[in-house]
Amino acid sequence: MRNTLAIVFLLVGTTLSAQDFTGGLQTGLSLPVGDLKDKSGFGTNQFFGAHVGGHLDFNLTSHHQVRAQLTYHNLPGSGWGSGYGDIQNDYKILQAGADWVYHFQNPSQGWYTIAGASLNSIKDDYSGIGFSGSASQSGKIGVRGGGGYTFNSFFSLEGTLNQVFVDKNGSDGFGFDTATWVQASAVFRFGR
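As the structure is a prediction and not an experimental result, all values here were calculated from the model. (Residues numbered from 1 in each chain as written. Predicted model: local features only at pLDDT ≥ 70, side-chain atom pairs only at ≥ 80, totals over all residues. Heavy atoms only, no water.)

1. Section: the environment of Asp35
For clarity, the threshold we go by: What counts as a helix is a DSSP run of H or I of at least four residues, what counts as a strand is a run of E of at least two, and both are numbered from the N terminus. When a residue's accessible area, from a 1.4 Å probe over protein chains only, is under 20% of the maximum for its type it is buried; when over 50% it is exposed; and in between it is partly exposed. Throughout, a residue-residue contact means that at least one pair of heavy atoms, one from each residue, lies within 4.5 Å.
Topologically, Asp35 is positioned in helix H2 (residues 35–38). Among the residues examined, Asp35 registers a relative accessible area of 36% and is labelled partly exposed. Once you skip the residues sitting within four places of it in the chain, Asp35 turns out to touch Gly43, Phe176 and Thr178.

This is the structure we're talking about:
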């Protein structure tokens, strides 16, 4: 069994090393929308957040690419005012996913589209007058779609709409069913 696993890993490693892999970093704004922003007492009540992450690209053809990505989002909140006990919700999201990327020209130039799925860990640190706490949910399924433009083999700008299906109720409930945000990213690539 051990020899079989060693042969499989050797074959996979040899195959992957012969393929076109690149990697990179992305950073930019995460903008909560829908209930994640607007739901009174539960949303962030704040328009801006930020993210940073990394990705590994695998070019299947000159147009099709698979991307593995890991991104951390920080969505700070602002208070909802005295009617809600001045509740403030700060959301932090760790997202790991895979995207299918289609390049209209090629991976080094031009427009592209993104469709992906992810697993997400979301934490809400909340506070109000005389209380504070946190709620967290892990392993939540998310989807995303969007597009971007590659200026050269090292730099792109892209935007995606992300939606994660979360639990509304319970001890770790967020008070809404979906967490939705827009992600605007500067993408830096290495290894081309």
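Once you've had a look at it, read on.
2. Quick notes on the nonpolar core
What counts is decided by this rule: What we call a nonpolar core is a set of buried Ala, Val, Leu, Ile, Met, Phe, Trp, Tyr and Cys residues that are connected through their side-chain atoms within 4.5 Å.
Ranked by size, the top nonpolar core spans twelve residues in total: Leu36, Leu75, Tyr91, Ile93, Ile122, Ala135, Val164, Val166, Phe174, Phe176, Ala179 and Trp181. Contributing elements (two or more residues each) for this core: strand S4 (88–103) and strand S8 (178–190). In this view, Ile122 contacts Tyr91, Lys92, Ile93, Ala135, Ser136, Gln137, Val164, Val166, Phe174 and Ala179; residues no more than four positions away in its chain are not counted.

3. Here we look at the pairing of strand S1 (residues 20–33)
Along any regular strand the residues' side chains alternate between the sheet's two faces. This is how the line gets drawn: Here, any two strands with at least 2 DSSP bridges between them count as paired.
In this structure, S1 lies alongside strand S2 (residues 49–59), joined through eleven bridges in antiparallel fashion. Each bridged residue has a counterpart across the sheet, and for Ser30 the counterpart in S2 is Gly49.

4. Details of the packing of aromatic side chains
To keep it simple, the criterion reads: Each pair of aromatic rings taken from Phe, Tyr and Trp, with Trp reduced to its six-membered ring, is defined by centres within 6.5 Å and is described as stacked if the planes are under 30 degrees apart, edge-to-face if over 60, and tilted in the remaining cases.
Following the criterion strictly, the structure yields ten aromatic pairs and no others. Note on Phe47 and Phe48: the rings are 5.0 Å apart at their centroids and 80° apart in plane angle, and the pair reads as edge-to-face. Owing to a relative accessible area of 42%, Phe47 belongs among the partly exposed residues under this scheme. For Phe48, a relative accessible area of 46% puts it in the partly exposed group. Judged by centre distance (5.8 Å) and plane angle (25°), the ring pair of Phe151 and Phe155 falls under stacked. On the basis of relative accessible area, Phe151 is assigned to the partly exposed category, the value being 40%. Accessibility expressed as a relative area gives 25% for Phe155, which makes it partly exposed. Joined through ring pairs, the aromatic side chains of Trp111, Tyr149, Phe151, Phe155 and Phe188 make up one cluster.

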